[in-house]
Amino acid sequence: MVKTWSLTGRLIASASLLLATFLGIAGFSLDALYQKRASEALKNELLSHVYTLLSASRDDDNGLPVLDKLMPDPRFNQIDSGLLASVKSHSSGYSWASASTLGNEFVFNKNMLPGQRFTSLYDDKMVLYFGIAWDDYEGVPNNYTFSVASDLHPYHQDLNSFRKELVLWLGGSAFILMLVQALLLRWGMKPLKQAAADIKKIEDGRQEQLLSDYPVELQGLTGNINSLIRHANASQQRYRKSLGDLAHSLKTPLALLQAAREQDEQQLKNTLDEQLPRIDELIQYQLQRAAVMGKSSIAQNIELLPVVEKICRSLAKVYHDHQIKFDININSDICFRGDEADLLELLGNLIDNACKYGRETVRVSACNQPSLVITVEDDGAGIRTEDRQKLLQRGVRADQKKTGQGIGLDIVNEIVGLYEAKLVISDSALGGASFSISFC
Amino acid sequence: MRLLIIEDEQSLREQLKQRLVARGYSVDAAADGREGLFLGSEYPMDLAIIDIGLPEMSGIEVIRELRKQQKNFPVLILTARSNWQDKVDGLEAGADDYLVKPFHIEELFARVNALLRRSAGHSTSVLEYAPLSLDTVRQEVKLNDTLIDLTSYEYRVLEYLMLHAGKVISKLELTEHIYDQDFDRDSNVLEVFVGRLRKKIDPQSSLKPIETIRGRGYRFSLAAASDG
């Protein structure tokens, strides 16, 4: 089984991923931008050095440029200063190199046509080649290449310190953001923790319901939990009541059995025959009464037709010898809102009775306009008007009834009551009884 | 008739077996679903009585499995709970009738009888093949309205042949349905029973209701009086 991530885990993981991505992109682009700027600046510096060289050159006898050994910028004169320069003529063989090139292995090896310039990067240097045409006194143009190279060491140093600072800043902000995120998470998760604590209180019996001050997103959930709790409480109470009723109602038959110990064998047998079925009925009735789920706000919609068909298929087997014809008149879109076991119990008892008392036809019909009405009819002898009211009386406990009547209709009454529905007994067009349950 | 009982509660299982054997059925009993399923799959049963609440393999599963194996003998389920969910589940799984515990043993006999009759295609409890009539409830046989005194085994042989009237029943099939699994199949005790039975139900040897089909078995061959 895949382990489900905790909400905090999910939020932390996703926020961290987002933060890392964002900071990564920011760091990378800042670094790239800074590098671009720095190399632009270096290029411009090299260009300004070329201009310095041009302005420092004097004309010789032919009007062509020559440069002095020493240059105004001291870095050109100092060995290992990191700044090198060279001027070469393409035709006359004139070549000048700054004093700083002494002992340096670097060679300026490119010639540029006039107007061309070329910047190139070597592992530790940046070089600018600059081509110009210089007219001598006779107006003949001579091509020269002015080259300047600068050590990249300071550039790298600069970049490294920038990077260090960048990491520091970004790391710092990441830390602060994580901290803020943790606080936000704590704040956001607080209602859930509160709900867990409330549920714990309910478990311990210190509270009955979840209180109502939950954020709107959680109110659906807490509302449902509350109705579940109410539902569970109601069932528990029903069980308790049934158990009490059962214990109470068993007292009479038990007392009769106890008294029967003194009787002779035939009398004892008679008492047993009377009281055992009575005890059995009492147990069945109270157990089933307690098991009814009743109306609930979390009930499901159950399609009626398949349930009715299932019951009729089953009863067709049980009443095989009666050859009963089931006439089912239910649209497939009609639903019952409630517990399936309750519905089975309700219809099972009614259709079973109809099979028992009917001759050959049992009709089950339903409509849901405006609310659900289910009708079960048979073609038997029907029920006398004066008996109808008695059948519908709720709260007539099974122990107050004569045995052998069966408890089916009592259970039906119980369920009808719990669903706040109405059961009506009338004459059926088929000739027998019609039991009609209207839900609201 | 050979019945299978699957019931985990020992006292009830033994009581049922005893009472059904006393009524002339041959009975195989199992204490759990697996053993019951084995007996039901391996031996030719005429009916099974299955408790729904069995340990390990539930009664519903046993019924489903039996039906999957094309075992079509009728099944009566016993359920401790009288709710419809259980009843409908059992009947939908392939059972034919249910009985809620506790029940009167007479009620069980009546259901078993009705199911056996129904599965053999008879709709009433008295099989009429004039001048013979056999009452499956009272387990009585009459010839021209005079009661014939039959032993339990003779009655069983006749009932099986009459329930399957017109069909040839091999000696093996008859033996398997009349006796439980411990019976010695090689003995010729069946021929002795059939011989005595013929003498009792046809003293003048004029009707010849039980034919011997050579090499194949026996056939009850009187014509039905009222129903088939």
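Rules used throughout
Residues numbered from 1 in each chain as written. Chains lettered and ligands numbered in written order. Predicted model: local features only at pLDDT ≥ 70, side-chain atom pairs only at ≥ 80, totals over all residues. Helix = DSSP H or I, 4+ residues; strand = E, 2+ residues; numbered from the N terminus. Buried ≥ 20, exposed ≤ 12 C-beta atoms within 10 Å, placed from the backbone. Contact = placed C-beta atoms within 7 Å. Pairing = 2+ DSSP bridges. Axes fitted to C-alpha atoms, helices over the stretch in contact; angles between N-to-C directions. pLDDT = per-residue confidence, 0-100. Nonpolar A, V, L, I, M, F, W, Y, C, P; charged D, E, K, R; others polar. Core = buried A, V, L, I, M, F, W, Y, C linked by C-beta atoms within 7 Å. Expected span 1.5 Å × (residues − 1). Parallel < 35°, antiparallel > 145°, perpendicular 65-115°, else oblique. Left-handed = near helix turned anticlockwise from the far one by under 90°.

1. What to know about the overall build of chain A
In step 1: Each helix and strand in chain A was counted, giving eight helices and 14 strands.
In step 2: Per-residue burial over chain A gives 21% buried out of 440 residues.
In step 3: Restricting the contact set of chain A to residue pairs at least 6 apart, pairs at least 24 apart contribute 62%.

2. A closer look at the sheet that holds strand E7 (residues 132-135) of chain B
All names here are of chain B.
In step 1: Spatially, four strands are ordered E6-E7-E8-E9 in an open sheet, and the strand pairing comes out antiparallel. Taken across any chain shown, the strands that pair with only one partner, and hence form the sheet edges, are strand E6 (126-129) and strand E9 (146-148). Looking at each pair of strands side by side, their axes are set apart by 25 degrees on average, direction ignored.
In step 2: Strands in contact with helix H6 (residues 152-163) are E6, E7 and strand E8 (140-143); relative to E7, the strand with the most contacts, it is inclined by about 105 degrees.

3. Brief notes about the environment of Pro74 of chain B
All names here are of chain B.
In step 1: Relative to the assigned elements, Pro74 resides in the loop between helix H3 (59-68) and strand E4 (75-79).
In step 2: Remark: the alpha-carbon pair of Pro74 and Leu115, spanning 41 residues in sequence, is separated by 6.3 Å.
In step 3: Ignoring sequence-local partners within four residues, the contact set of Pro74 consists of Leu47, Asp96, Leu115, Leu116, Arg118 and Ser119.

4. Concerning the confidence of the model for chain B
In step 1: Here chain B shows a mean pLDDT of 88. Residues at 70 or above account for 95%.
In step 2: Taken together, the chains of this predicted complex give a pTM of 0.63 and an interface ipTM of 0.74.

5. Here's the deal with the sheet that holds strand E2 (residues 26-30) of chain B
All names here are of chain B.
In step 1: Read across the sheet, five strands follow the order E2-E1-E3-E4-E5 without closing on themselves; strand pairing throughout is parallel. Each edge of the open sheet is held by one strand with a lone partner, namely E2 and strand E5 (97-100). Neighbour-to-neighbour, the strand axes of the sheet open up by a mean angle of 20 degrees, direction not taken into account.
In step 2: Where strand E1 (residues 2-6) and E2 come together, five bridges link them in parallel fashion. Paired with Arg2 across the bridge in E2 is Ser26.
In step 3: Where helix H4 (residues 84-93) meets the sheet, its contacts fall on E4 and E5, and the angle it forms with E4 comes to roughly 160 degrees.

6. Observations regarding the interface of chain B and chain A
In step 1: Taken residue by residue, the interface counts 14 residues in chain B and 16 residues in chain A.
In step 2: Elements with a minimum of two residues in the side of chain B that touches chain A: H4 and helix H5 (105-119) of chain B.
In step 3: Considering each element in turn, the side of chain B that touches chain A owes the most residues, six residues, to H4 of chain B.
In step 4: Here the residues of the side of chain B that touches chain A are counted per class, giving five nonpolar, four polar and five charged.

7. Observations concerning the nonpolar core
In step 1: Core analysis: the biggest nonpolar cluster contains 89 residues, and Ile351 of chain A together with Leu3, Leu47, Ile50 and Leu161 of chain B have the highest contact counts within it.
In step 2: Of the residues forming this core, the biggest block, eight residues, is contributed by helix H6 (residues 340-357) of chain A.
In step 3: One finds Leu46, Tyr144, Phe146 and Ala149 of chain A within the second-largest nonpolar core, a separate group that totals 18 residues.

8. Quick word on helix H8 (residues 189-201) of chain B
Residues that lie three or four places apart on an α-helix share one face, since the helix turns once every 3.6 residues.
In step 1: Look at H8 of chain B: 18 Å from first C-alpha to last across 13 residues, which is about the 18 Å you get at 1.5 Å a residue.
In step 2: Those residues of H8 of chain B that are buried lie in contact with E7, E8, E9, H6, helix H7 (171-178) and strand E11 (210-213) of chain B.

9. Side note on the packing of helix H5 (residues 304-318) of chain A against H6 of chain A
Residues and elements named next belong to chain A.
In step 1: Where H5 contacts H6, the two axes come as close as 10 Å, and the packing angle between them is 40 degrees. On the basis of the axis angle, H5 is oblique to H6. Of the two possible hands of crossing, H5 and H6 adopt the one that is right-handed. Between H5 and H6, the residues in contact are Val307, Val308, Ile311, Cys312 and Leu315 and Leu343, Leu344, Leu347, Gly348, Ile351, Asp352 and Cys355, respectively.
In step 2: Its residues assigned to classes, the contact of H5 with H6 shows ten nonpolar, one polar and one charged.

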